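# Results of the structural survey
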2 protein chains.
Amino acid sequence: MGSENRGESEKTSDGSICGHDSLHRLLRAKLVPQVFQEVSRLLLGLNCGKALEELALPESATSLSSKHGFDLQGFSFEADKEQLREPRIVRVGLIQNSIAVPTTAGFAEQRQGIFEKLQPIVEAAGASGVNILCLQEAWTMPFAFCTREKRWCEFAETVDGESTKFLQEFARRFNMVIISPILERDVAHGETIWNTAVIIGNHGNIIGKHRKNHIPRVGDFNESTYYMEGNTGHPVFETAYGKIAVNICYGRHHPLNWLAFGLNGAEIVFNPSATVGELSEPMWPIEARNAAIANSYYVASINRVGTEVFPSPFTSGDGRPQHADFGHFYGSSYFSAPDASCTPSLARNMDGLIISDMDLNLCRQLKDKWGFRMTARYDLYHDLLRRYTQPDFEPQVVSDPLLHKEAS
Amino acid sequence: MGSENRGESEKTSDGSICGHDSLHRLLRAKLVPQVFQEVSRLLLGLNCGKALEELALPESATSLSSKHGFDLQGFSFEADKEQLREPRIVRVGLIQNSIAVPTTAGFAEQRQGIFEKLQPIVEAAGASGVNILCLQEAWTMPFAFCTREKRWCEFAETVDGESTKFLQEFARRFNMVIISPILERDVAHGETIWNTAVIIGNHGNIIGKHRKNHIPRVGDFNESTYYMEGNTGHPVFETAYGKIAVNICYGRHHPLNWLAFGLNGAEIVFNPSATVGELSEPMWPIEARNAAIANSYYVASINRVGTEVFPSPFTSGDGRPQHADFGHFYGSSYFSAPDASCTPSLARNMDGLIISDMDLNLCRQLKDKWGFRMTARYDLYHDLLRRYTQPDFEPQVVSDPLLHKEAS
């Protein structure tokens with residue numbers, strides 16, 4: 001292993017120390033197979049003796065991956081056989097990508113560049129028989145909200161706008177449901193802007209939309225400059241391939257948001273995101289897996305990739321001098337299952353398509369096994385939240401009566 | 001590394017493939033330092049350049065650890081300096097242990113054996129200056145609930161019973177708050193049995209109690225044979241060393257339970273548990289860390305250790321023949337912080353004491369940074385839970401209108 005250690009003490013441009021592209025591949029390269037097997041068991045949440053199946057993807061897809069230089073990985077989550085239901089196996093794909101041309105280019109050119117970059121990746125998903133495909137948050141544009149410049153609002157589109165039309169063709173061609181997270185312009189409400197996921201049915205029809213429920217105000221992500229908390233509740237979309245929902249980006253930090261999609265019956269919840277390493281990388285492998293466990297559904301997590309440099313420098317509320325980028329989007333898209341297992345992640349530093357088969361029967365099987373719904377005591381929490389939302393809420397605190405006698 | 005591979009393909013008695021005692025130590029032994037540093041950064045949730053400090057523990061503690069053969073580890077979580085508040089550093093200890101004598105022994109002997117086994121570990125905590133110490137769930141007894149035999153109810157004690165008296169002495173001697181999770185006998189309510197944590201103040205006084213809110217009915221853990229859902233709400237105990245709460249065992253699978261302790265103001269939530277590898281090991285590193293992140297508090301997770309063999313064989317509702325044990329309690333007690341970092345875990349296969357300093361100021365700092373409370377929209381969820389608790393609840397589902405036209 002000696003020769004592989006060169007330069008590993010340098011922090012690299014993608015924010016990692018070793019310049020590796022994924023934790024899973026780093027460990028696979030460095031550990032002997034039996035140790036790697038045990039480490040994988042613990043990290044991927046596999047019970048003893050269980051292996052995560054890798055999918056055999058068609059040559060038409062792998063050749064697109066080689067030709068266009070995107071990471072391509074495929075896995076399969078299994079469920080137990082049931083006697084009264086057939087397996088309900090759905091193939092799901094997630095795309096992570098960097099922007100295509102510099103942010104100094106014209107907006108039409110920038111958007112067209114992303115369309116052209118995505119085309120072969122979407123085609124690889126189609127060629128692989130993907131049933132439901134999800135793109136990353138605000139995929140038509142750079143994540144320019146850090147700049148606070150209003151000119152980026154031009155990228156906002158109506159739900160039936162250019163990007164939807166672009167994807168509707170693929171939906172029809174590949175009989176594929178596509179989730180398209182965009183910046184939405186709501187003309188009917190005086191040009192209001194929202195952060196929205198458009199749900200395109202497998203016939204190219206628009207099934208509906210969901211607007212981001214929780215908006216961050218942290219570091220470079222004060223997105224409330226551009227859009228506010230969504231007004232679409234927690235819809236679950238009943239598609240040809242199962243019941244799905246979309247928890248957009250910062251909503252993943254809110255267990256109640258995950259819970260609500262579960263209560264409404266979601267079997268797969270997509271989390272299209274845009275987040276950078278210094279801010280959130282330690283949380284990335286935790287929150288989605290917890291949501292999958294607690295709510296007995298699959299979670300599909302996407303993060304964009306790369307470092308985006310903007311024309312005008314900006315400050316970030318952290319005392320640092322002005323600068324033109326806000327860190328490395330670390331990709332690492334992956335799937336989590338209700339049995340606490342997960343797939344390895346896509347690369348931290350390149351475009352990618354991750355595909356997984358998932359038997360939706362696993363959701364109900366885990367509900368039956370663990371009984372989280374049955375034991376949840378929602379009435380307690382309904383009452384607590386009712387009281388908590390009152391300005392004069394009194395927390396349930398039991399004070400040590402000897403506290404005032406403390407010498408210290 | 002070749003010689004270390006012998007026998008690694010055998011599954012060992014502690015349920016691991018390699019027979020290692022902790023993931024962290026396994027990786028440290030197998031990886032070169034720079035790779036281990038990067039892997040630790042990702043697994044322990046450390047931001048670039050940040051290291052987890054190890055505590056220098058006194059010789060009086062380390063010698064007790066060597067003499068009595070328990071794992072001893074110490075760490076420190078740091079917070080930023082503030083201008084208007086002093087640091088509020090608390091030293092917290094967690095004890096995990098196996099039972100002391102076989103379950104065939106008399107009950108008095110079994111309990112006395114545990115008292116004697118715990119004494120040097122509690123003394124090591126005291127010698128280390130621990131301010132708040134927590135023991136494992138139902139620490140006075142084997143976790144006999146899998147047997148469904150009612151005779152184990154004899155281990156139930158009143159809140160001011162033998163085990164409390166045993167610990168009150170240590171509380172006074174070491175000026176230490178002690179959390180004592182026991183099987184409680186509620187004489188005032190007709191000998192009702194509860195799964196309860198007793199909170200002993202640093203003067204040896206009893207501050208209060210909390211009864212387990214969520215009771216499992218899964219595999220060998222149908223504990224509702226012995227006790228039902230608690231009736232103490234979600235109390236936070238204001239002690240000499242900060243505001244603490246106790247989420248007992250299975251409650252860790254319920255995000256609403258974690259949330260409620262947070263809404264009531266907890267700064268450290270303890271999760272004394274008893275759980276086995278085949279059932280829950282993949283979830284163990286996820287749920288506590290998610291709770292710490294989502295609720296901006298510290299979490300202290302304890303699991304008991306070892307394999308407990310019972311006198312009468314029993315079945316487990318899984319089609320297997322009767323057997324006398326229900327798997328390996330994998331220990332692995334650890335701490336999680338609100339900034340998404342965590343400590344390594346105690347061993348999977350031996351008694352242990354893990355200690356960490358934690359600056360409680362970090363909780364509010366993370367609330368200010370991420371704003372999860374501010375952006376949580378509790379009113380939405382109060383309303384959803386109110387509707388969900390009604391028998392005629394209608395989920396928010398948007399169906400694809402073309403669904404009935406599906407040929408497939």
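Everything numeric here is computed off the predicted structure, so don't read it as measured data. (Residues numbered from 1 in each chain as written. Chains lettered and ligands numbered in written order. Predicted model: local features only at pLDDT ≥ 70, side-chain atom pairs only at ≥ 80, totals over all residues. Heavy atoms only, no water.)

When helices and strands are tallied, chain A shows 10 helices and 18 strands. Taken over C-alpha atoms, the radius of gyration comes to 22 Å for chain A, in line with the 22 Å a tight globule of 408 residues would show. For chain A, the C-alpha atoms occupy an extent of roughly 70 × 55 × 55 Å along the three principal directions. Taking all 408 residues of chain A together, 64% fall into the buried category. If you take every contact in chain A between residues at least 6 apart in sequence, the share linking residues at least 24 apart comes to 70%. Carbon and sulfur atoms provide 50% of the accessible area of chain A, an area that totals close to 14,800 Å². (Helix = DSSP H or I, 4+ residues; strand = E, 2+ residues; numbered from the N terminus. Rg over C-alpha atoms; globule rule 2.2 N^0.38 Å. Buried < 20%, exposed > 50% of the residue type's maximum accessible area, 1.4 Å probe, protein only. Contact = heavy atoms within 4.5 Å. Areas by Shrake-Rupley, 256 points an atom, 1.4 Å probe, with all protein chains shown as cover.)

Overlay of chain A on chain B (RMSD 0.0 Å): rotation 180 degrees, translation along the axis 0.0 Å. Taken together, these values place the two copies in the relation of a two-fold axis. Of all interface residues in chain A, 99% are interface residues in chain B too; the two copies therefore contact each other through one and the same surface. (Least-squares fit on C-alpha atoms with pLDDT ≥ 70 in both.)

All right, on to the interface of chain A and chain B then. The partner chain B presents 102 residues to the 103 residues of chain A that form the contact. For the chain A and chain B pair, buried surface summed over both sides reaches about 9,700 Å², with 65% attributable to carbon and sulfur atoms. Glu281(B) is paired through a salt bridge with Arg41(A); the nearest N and O atoms lie 3.9 Å apart. Linking chain A to chain B there are 38 residue pairs in polar contact (both at pLDDT 80 or more). Looking at side-chain class alone, the side of chain A that touches chain B contains 50 nonpolar, 33 polar and 20 charged residues. Judged from the 3 bridges that link them, strand E18 (residues 397–399) of chain A and strand E10 (residues 236–239) of chain B form a sheet pairing that is parallel. Its bridge partner lying in E10(B), Val398(A) is registered against Phe237(B). (Buried area = accessible area lost by both parts, 1.4 Å probe. Salt bridge = Lys/Arg side-chain N within 4 Å of Asp/Glu carboxyl O. Polar contact = N/O pair within 3.5 Å; in protein donor to acceptor, adjacent residues only side chain to side chain. Nonpolar A, V, L, I, M, F, W, Y, C, P; charged D, E, K, R; others polar. Pairing = 2+ DSSP bridges.)

Here the UniProt-annotated "domain: CN hydrolase" (unreviewed entry) positions come out as residues 90–360 of chain A. Within the segment residues 90–360 of chain A, helix and strand shares are 22% and 33% respectively, and the terminal C-alpha atoms sit 7 Å apart. (UniProt positions renumbered as here; feature names shortened; annotations may be inferred.)

The next thing to look at is the sheet that holds strand E18 (residues 397–399) of chain B. Here we have 6 strands laid out as an open sheet, ordered E16(A)-E13(A)-E12(A)-E11(A)-E10(A)-E18(B), and mixed in their pairing. Bordering the open sheet on either side are strand E16 (334–336) of chain A together with E18 of chain B, each of which pairs with just one other strand. Taking the axes of each pair of neighbouring strands and ignoring which way they run, one obtains an average angle of 25 degrees across the sheet. Pairing of strand E10 (residues 236–239) of chain A with strand E11 (residues 242–246) of chain A, which is carried by 3 bridges, proceeds in the antiparallel orientation. Note that in E11(A) the partner of Thr239(A) across the bridge is Gly242(A). Packed onto the sheet, helix H6 (residues 255–263) of chain A meets E10, E11, strand E12 (268–273) and strand E13 (298–303) of chain A and runs at close to 145 degrees relative to E12(A). (Axes fitted to C-alpha atoms, helices over the stretch in contact; angles between N-to-C directions.)

Right, let's talk about the sheet that holds strand E1 (residues 53–54) of chain A for a bit. Read from one edge of the open sheet, 8 strands run E1-E2-E17-E3-E4-E5-E6-E7 (chain A), paired in mixed fashion. Every other strand in the sheet has two partners, leaving E1 and strand E7 (206–211) of chain A as the edge strands with one partner each.

Here the focus is unusual backbone geometry. The phi dihedral of Ala340(A) is positive, around 80 degrees, even though this residue is not glycine. With a relative accessible area of 2%, Ala340(A) lands in the buried category.

Mapping Ala260(A) onto the fold places it in helix H6. Sequence separation of Ala260(A) and Val236(A) is 24 residues, and the distance between their C-alpha atoms is 9.7 Å. Among all residues touching Ala260(A), those that are not within four sequence positions of it are His234(A), Tyr381(B) and Leu384(B).

Below, the discussion takes up the side chain of Asp71(B). All names here are of chain B. Take Asp 71: it is sitting in strand E2 (residues 71–77). At a separation of 3.0 Å, a polar atom in the side chain of Asp 71 contacts the main-chain amide nitrogen of Ala 347. Residue contacts for Asp 71: discarding those within four places in its chain leaves Arg 25, Leu 346, Ala 347, Met 350, Asp 351, Gly 352 and Leu 353.

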